[in-house]
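Listed here are the chains, written in short residue letters.
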Amino acid sequence: MAIYKFRSRYGDQDTSYLLAANQPRSPNSFCWACILCFCRAACSSRIRVFTSLIIMLALAAAGHNASSILRILDNQSATQAHRQSFAYVDVPKWKWQSQKDYYKRTHSNPRAQALPSTPAETAAWYQTNLQVDFVCPDEHLVGDSWWICNYQHLNKERGCIIYSSGPPMGMLTEKALSKLVPSCEIHVFDPSNTTTQLNPENSTIAVHPWGFGDETKSVLNSKNTTFDIKTIGDTMKDLGHRHVDLLHLQCAGCEWTLDFANVHQILVIANGMRSVEWFDAWSKNEYVLFHKQPVEVAGVLGQGQALSYLKLRPGFFPA
């Protein structure tokens, strides 16, 4: 998505809610920005410095103030963050580099390899071994514990797709998401098929009678009732989706067998502790953890964790 299209896309609408790097450019700055971008790619360092100074003087002569000049120059470096974050983060190059440095300093796969044996040990394990390793500059809380990175991008994204799986609970989270990102299709997966009655007519929410698992099959629950589960990858194929923008997962167990399909953002509750290797898989599949919040499971706060992950491109991660 070209960063020059915001003015034509939004017309005369208010764009003050956009990130600073996404603000519409003045028409007078377009040609100078192109010249600067080309020179940074093709010229030597001395020529780049000289050209930057000339363009800054020219912009000042054209009536731009200091803040607008800095924004024009910064925006030429924002494309790396924009590209590597699938457009969820749009910051200057130096800020994006600081994010990479923060990830290197902070990220560590869980050090304790032994599974905790008690709820208290589980809560302590999460506190000690799992750290947030990425900072989303625009987080938003949905419900009690679900944090989304840059929901405004979802509203701008064409063909935005959200998957949600978990106990119905009045579809409170799904309805909140529908209000927050009305341009997105929301697909709810409920193998008990009890959610259909909760779905209002003429809604952007669609309900499907299966849940998620590590393979596509029919299973028998404790009540001797058969229900269907599918992998996320098979679900995407069946529904004709090439990607999922946001996955909201609260399924009391299926999270431990999650298949990492083409999902850009995942909000998941880890119930208890079943596998240390599960946390290694996130970084191996190029996800960063931008929010962690303890939740109560079986009466113990911290035995579960509401985790928010964002997928980035390989270029972000250390070689």
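Before going into details, it helps to say that this report is about the structure given with it. In this text, all values refer to a predicted model and were calculated from it rather than measured experimentally. (Residues numbered from 1 in each chain as written. Predicted model: local features only at pLDDT ≥ 70, side-chain atom pairs only at ≥ 80, totals over all residues. Heavy atoms only, no water.)

**Structural notes on the pattern of salt bridges**
Thinking step 1. Enumeration according to the criterion identifies three salt bridges in this entry.
Thinking step 2. A salt bridge links E215 to K217; the nearest nitrogen and oxygen atoms lie 3.2 Å apart.
Thinking step 3. Here D238 ties to K230 by a salt bridge, and the two come within 2.8 Å at their closest N and O atoms.
Thinking step 4. By relative accessible area, which is 49% here, D238 ends up partly exposed. (Salt bridge = Lys/Arg side-chain N within 4 Å of Asp/Glu carboxyl O. Buried < 20%, exposed > 50% of the residue type's maximum accessible area, 1.4 Å probe, protein only.)

**Comments concerning the sheet that holds strand β6 (residues 211-212)**
Thinking step 1. The strand order β6-β8-β7 describes an open sheet built from three strands, whose pairing is mixed. Each end of this open sheet is capped by a strand with a single partner; those strands are β6 and β7 (217-220). (Pairing = 2+ DSSP bridges. Helix = DSSP H or I, 4+ residues; strand = E, 2+ residues; numbered from the N terminus.)

**Examining the nonpolar core**
Thinking step 1. Grouped together as the largest cluster of nonpolar side chains are 37 residues, with contacts concentrated most on F134 and I148.
Thinking step 2. Listed by contribution, the elements that provide at least two residues to this core are α6 (93-106), β2 (146-149), α8 (151-156), α9 (172-180), β4 (185-189), β10 (265-271), β11 (287-297) and β12 (300-311).
Thinking step 3. The biggest single contributor to this core is β11, with four residues.
Thinking step 4. Those residues within four positions of I148 in sequence are excluded, and the remaining contacts are D138, E139, H140, V142, L154, L177, L180, L246, Q265, L267 and F290. (Core = buried A, V, L, I, M, F, W, Y, C linked by side-chain atoms within 4.5 Å. Contact = heavy atoms within 4.5 Å.)

**Topic: the pairing of strand β3 (residues 161-165)**
Thinking step 1. The buried count for β3 comes to five of five residues, which makes it a mostly enclosed element.
Thinking step 2. Because side chains alternate across β3, one face comprises the buried residues I161, Y163 and S165, and the other comprises I162 and S164, equally buried.
Thinking step 3. The pairing of β3 with β4 spans five bridges and is parallel. For I162, the partnering residue across the bridge sits in β4 and is I186.

**Notes on the sheet that holds β12**
Thinking step 1. Ordered by their spatial adjacency, seven strands build an open sheet running β5-β4-β3-β9-β10-β12-β11, and the pairing between neighbours is mixed. In this open sheet, the two strands that pair with only one neighbour each are β5 (205-208) and β11. Taken over all neighbouring pairs, the strand axes of this sheet differ in orientation by 20 degrees on average, direction set aside.
Thinking step 2. Here β10 pairs with β12 via seven bridges, running antiparallel. Bridge pairing in β12 places A270 opposite Q305.
Thinking step 3. The strands touched by α9 are β3, β4, β5 and β9 (246-249); relative to β4, the strand with the most contacts, the crossing angle is about 170 degrees. (Axes fitted to C-alpha atoms, helices over the stretch in contact; angles between N-to-C directions.)

**Quick notes on a nonpolar patch on the surface**
Thinking step 1. A surface patch of nonpolar side chains, amounting to about 330 Å² of accessible area, comprises F50, I54 and L57.
Thinking step 2. As for its placement among the helices and strands, I54 is situated in helix α3 (residues 45-61).
Thinking step 3. Take I54: its relative accessible area is 40%, and that puts it in the partly exposed class. (Patch = residues over 30% accessible without salt bridge, like charges linked within 9 Å, V, L, I, M, F, W, Y side chains within 5 Å. Areas by Shrake-Rupley, 256 points an atom, 1.4 Å probe, with all protein chains shown as cover.)

**Thoughts on α6**
Thinking step 1. Look at α6: 20 Å from first C-alpha to last across 14 residues, which is about the 20 Å you get at 1.5 Å a residue.
Thinking step 2. Residues of α6 that are buried include every one of W96, Q99, K100, Y103 and T106, and no others. The buried residues of α6 occupy an angular sector of 145 degrees when projected down its axis, which confines them to one face. Opposite the packed face of α6, turned more than 90 degrees from it, sit the exposed residues W94, K104 and R105.
Thinking step 3. Buried residues in α6 make contact with α5 (79-84), α11 (277-284) and β11. (Expected span 1.5 Å × (residues − 1). Arc of directions from axis to C-beta.)

**Let's talk about unusual backbone geometry**
Thinking step 1. The backbone of E286 shows a phi angle near 70 degrees, a positive value even though the residue is not glycine.
Thinking step 2. With respect to the element layout, E286 can be found in the loop between α11 and β11.
Thinking step 3. With a relative accessible area of 25%, E286 lands in the partly exposed category.
Thinking step 4. The backbone of A298 sits at a positive phi, close to 55 degrees, despite the residue not being glycine.
Thinking step 5. A298 gets classed as exposed once you look at its relative accessible area, which sits at 75%.

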